[in-house]
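Residue strings, one per chain:
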Amino acid sequence: MIRYEIAATTVTTAPPERVFAVLDDFSNWPRWMPSLERVRIELPPNDHPRQGYRFKLHGMFVHAEMEVIDYTPLSRATRFRISFPPFQGINRCRLIPLDDGRYRIERLDQLELPDLVAHVIDATQRKRFEQLALEFLHALRRVVEQTPHGTITSASPTGRSD
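The paragraphs below set out a description of the structure included in this document. All values reported here derive from a predicted model rather than from experimental measurement.

### Examining a nonpolar patch on the surface
Here is step 1: Where nonpolar side chains cluster on the molecular surface, the patch consists of M60, F61, V62 and F84 and spans about 500 Å² of accessible area.
Here is step 2: Looking at M60, the relative accessible area reads 69%, which means it is exposed.

Right under this line is the structure:
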């Protein structure tokens with residue numbers, strides 16, 4: 001098994017409650033998360049996000065089983081298992097309060113790849129994983145910083161992680 005980590009950060013003016021309200025609303029992920037536009041999300045009936053909460057993602061070729069393993073006021077984490085290519089890992093988002101009332105959002109993906117899969121996934125694919133992590137944070141920031149009238153209050157992404 002080969003392990004590697006992907007880290008990305010951004011800064012938001014949104015409070016943790018708003019950030020986690022968006023993150024915990026799994027059924028709406030495809031509306032704001034670019035990589036999940038064509039994914040169907042299967043949630044357990046009559047349940048709500050918490051530690052131990054399980055759900056599934058169904059794409060055209062890829063399926064994932066997800067479990068919430070960290071659910072605190074300033075962090076969330078899910079353990080996942082992807083069907084193709086087969087690998088597993090953890091996605092973690094933490095909010096760090098800054099002195100000026102803003103919050104740094106840190107995303108850390110810890111991937112565990114079977115040796116064969118790791119050798120097939122080259123530097124280009126790893127760069128794609130890194131880009132997806134940044135796209136995720138920029139999309140999350142846009143959604144949580146929207147005013148009630150839908151106006152985006154943050155600058156458009158520049159490729160930097162702020």
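### Some details on helix α1 (residues 16-23)
Here is step 1: Listed as buried for α1 are P16, V19, F20, V22 and L23. One side of α1 carries all its buried residues, which in axial view fall inside an arc of 155°.

### A look at the pairing of strand β4 (residues 63-72)
Here is step 1: Judged from the five bridges that link them, strand β3 (residues 54-58) and β4 form a sheet pairing that is antiparallel. Paired with L57 across the two strands is A64, which belongs to β4.
Here is step 2: Hairpin connection from β3 to β4: four residues lie between these consecutive antiparallel strands.
Here is step 3: As paired elements, β4 and strand β5 (residues 75-82) share eight bridges and run antiparallel to each other. Bridging from a neighbouring strand, M66 pairs with F80 of β5.

Rules used throughout
- Residues numbered from 1 in each chain as written.
- Predicted model: local features only at pLDDT ≥ 70, side-chain atom pairs only at ≥ 80, totals over all residues.
- Heavy atoms only, no water.
- Patch = residues over 30% accessible without salt bridge, like charges linked within 9 Å, V, L, I, M, F, W, Y side chains within 5 Å.
- Areas by Shrake-Rupley, 256 points an atom, 1.4 Å probe, with all protein chains shown as cover.
- Salt bridge = Lys/Arg side-chain N within 4 Å of Asp/Glu carboxyl O.
- Buried < 20%, exposed > 50% of the residue type's maximum accessible area, 1.4 Å probe, protein only.
- Helix = DSSP H or I, 4+ residues; strand = E, 2+ residues; numbered from the N terminus.
- Arc of directions from axis to C-beta.
- Pairing = 2+ DSSP bridges.

The quantities given are spatial measurements derived from coordinates; they are silent on function.
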